[in-house]
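Structural features, examined
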Amino acid sequence: KETAQFPVSCVEKIASIIWDMPSRAQSGGADIAAELYSRSGAAAYGVSAEQFALLLEEILRKYVPNGSADQKAEFCAALRVEELALARACATGNERAWEDFIRRYRQKLHGMALHITRDGTHAAELADSLFADLYGVSARNGVRNSKLVFYTGRGSLDGWLRTVMAQEFVNR
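Description of the structure in this document. Computed from a predicted structure; not experimentally measured. (Residues numbered from 1 in each chain as written. Predicted model: local features only at pLDDT ≥ 70, side-chain atom pairs only at ≥ 80, totals over all residues. Heavy atoms only, no water.)

Considerations on the nonpolar core
Counted only if it meets this: Take the buried Ala, Val, Leu, Ile, Met, Phe, Trp, Tyr and Cys residues and link them wherever side-chain atoms come within 4.5 Å; each set so joined is a nonpolar core. To sort residues, take the accessible area from a 1.4 Å probe on protein chains only and compare it with the maximum for the residue type: under 20% means buried, over 50% means exposed, and anything in between is partly exposed. Secondary structure elements follow DSSP: runs of H or I no shorter than four residues count as helices, runs of E no shorter than two count as strands, and numbering proceeds from the N terminus. Whether two residues are in contact is decided by their heavy atoms, any of which lying within 4.5 Å being enough.
Counting 43 residues, the largest nonpolar core has F101, L109, L134, L148 and L157 as the members making the most contacts within it. When contributions to this core are tallied by element, the ones reaching two or more residues are α2 (22–40), α3 (49–63), α4 (69–78), α5 (81–91), α6 (95–117), α7 (120–135) and α8 (157–171). Here this core gets eight residues from one element, more than from any other, and that element is α5. Leaving out residues up to four positions away in the same chain, L148 has contacts with A87, R88, C90, A91, W98, L134, L157 and W160.

Digging into the packing of aromatic side chains
Where we set the bar: Between the rings of Phe, Tyr and Trp (Trp by its six-membered ring), a pair exists once the centres lie within 6.5 Å; its type follows the angle of the planes, with under 30 degrees stacked, over 60 edge-to-face, and the other angles tilted.
Going through the model one piece at a time under the given rule, you end up with seven aromatic pairs. Ring centres 5.2 Å apart and planes at 50° place the aromatic pair W98 and Y135 in the tilted group. In this pair, W98 sits in helix α6 while Y135 sits in helix α7, placing the two residues 37 residues apart along the sequence. Residue Y135 is classed as partly exposed on the basis of its relative accessible area, which comes to 37%. Put simply, the rings of W98, F101, Y105, F131 and Y135 touch in pairs and so form one group of aromatic residues.

Examining α6
Working note: α-helix, 3.6 residues per turn, so residues spaced by three or four point in the same direction. Note the cut-off: Bend, at a single residue, is the angle you get between axes fitted to the 7 residues ending at that residue and the 7 residues starting at it.
Bending of α6 peaks at approximately 50° at the position of Y105. Within α6, the full set of buried residues consists of A97, W98, D100, F101, Y105, L109, M112, A113 and T117. Along its buried surface, α6 packs onto α5, α7, β2 (143–144) and α8. One or two positions beyond α6, positive phi appears at R118, with a value near 60°.

Honestly, that's just the spatial picture; any functional story needs more than this.
In structure tokens:
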């Protein structure tokens, strides 16, 4: 069987990661897992259900390592999965994701930089430097090194970008 978005096995994988309980994953958990993936819009950026499940698993291991099924479900429900999918797709170099990211955040990032630096020239340099870091211009062992891999969806991407921008300014 397949849902409109991806195979049931993927739904069950996401659900089992969230709840660590196969019987619950087979019931209502699968519906919630499918809803998380669908809500994320990850498919539009070429992020498969398996990749999305692994991403959730990574985040849950970090923030709710010994949590109950209910705690994990509550945590996942609070994630900003759409922004998470966008950020992680950008980190892998997905062109469509970058187009969406630029459209949504370019003006905001330049505004943040101007607010921090209080100077147009320095603001442009700061914003350009951050874009390079977010894009992953530098590579390590042939792999892009994007700061967006550190965004976990726990707060707004806008707020996370503001924090990264401020830290970049301090580091200069």
